[in-house]
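# Structure assessment
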Protein chains: 2
Amino acid sequence: MTDEIETGLTLTPKFDANGLLTAVVTDAADGALLMVAHMNAEALAKSMESRTAVFYSRSRQRLWQKGESSGNVLHIVDMRIDCDQDAIWIIAEPQGPSCHTGARSCFYRRINKDGLEPV
Amino acid sequence: MTDEIETGLTLTPKFDANGLLTAVVTDAADGALLMVAHMNAEALAKSMESRTAVFYSRSRQRLWQKGESSGNVLHIVDMRIDCDQDAIWIIAEPQGPSCHTGARSCFYRRINKDGLEPV
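All of the points below concern the structure found in this document. (Residues numbered from 1 in each chain as written. Chains lettered and ligands numbered in written order. Predicted model: local features only at pLDDT ≥ 70, side-chain atom pairs only at ≥ 80, totals over all residues. Heavy atoms only, no water.)

### Regarding the environment of Leu44(A)
All names here are of chain A. Here leucine 44 lies in helix H2 (residues 41–50). Assessed through its relative accessible area of 4%, leucine 44 is described here as buried. Contacts of leucine 44, omitting those with residues within four sequence positions, involve Leu11, Pro13, Leu21, Met39, Met79 and Ile88. (Helix = DSSP H or I, 4+ residues; strand = E, 2+ residues; numbered from the N terminus. Buried < 20%, exposed > 50% of the residue type's maximum accessible area, 1.4 Å probe, protein only. Contact = heavy atoms within 4.5 Å.)

Right, here's the structure in full:
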């Protein structure tokens, strides 16, 4: 079973207890990590169908088309899945900033020994 | 409070119900996504201290020094945290393959409409 999940060519996502996968988004242009979010089965299906990123918002407990209010859609160039099929990598062309704060990436602070530092 | 978490320079990780953060690892050399794992507070502290990646294994329910058995340690070049402080980005110099399958990255399969395809 594990072998089939790890080496097989059938998509069999391993959703967690809440029915979610981790989704990691990088920029197709330069590989920068833009954001980390979650997908349920419907979000994954809609992302594959529309070729734009659709997530599941844990805080709002509903499907969330990235950019639905901001217009900052993520156009999907490539999608990959990891060895145990519980994480998705989306390589995207972002239409505008990916973070709701207006930053290009959600990862705008470095962790130092003494705290955080803007990058 | 949200503002302080998003814009502040104090490390205040938002652990989930299981006490975990999502950790994303990319290769410092070319930005390739290597793996996605989890960290509890102790794993985060040990990673910061040792400058090598330490995770929490959900399946084995214990701390897991990446490379402890394989020797494939991840040397940490840079660590970042996201806007809501529930995800960590580790930029690393990997000593060998990052995936337990022997692949350089855990993301060795593309998701297509018809299934998966090796990359």
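Next, the rest of the story.
### Quick look at the pattern of salt bridges
Side-chain pairs of opposite charge can arise whenever the charged atoms involved come near each other. Residues and elements named next belong to chain B. Evaluated as defined, the whole model comprises 18 salt bridges over all chains. Here aspartate 84 ties to lysine 14 by a salt bridge, and the two come within 3.8 Å at their closest N and O atoms. Taken together, the residues span a long stretch of sequence, with aspartate 84 in the loop between strand S5 (74–81) and strand S6 (87–94) and lysine 14 in the loop between helix H1 (2–7) and strand S1 (21–27) at a distance of 70 residues. Judged by its relative accessible area of 23%, aspartate 84 falls in the partly exposed class. Arginine 110 is the salt-bridge partner of glutamate 117, the closest N and O atoms lying 3.5 Å from each other. Under the relative-accessibility criterion, glutamate 117 is labelled partly exposed at 32%. Taking the relative accessible area as the measure of exposure, arginine 110 reaches 22% and is therefore partly exposed. (Salt bridge = Lys/Arg side-chain N within 4 Å of Asp/Glu carboxyl O.)

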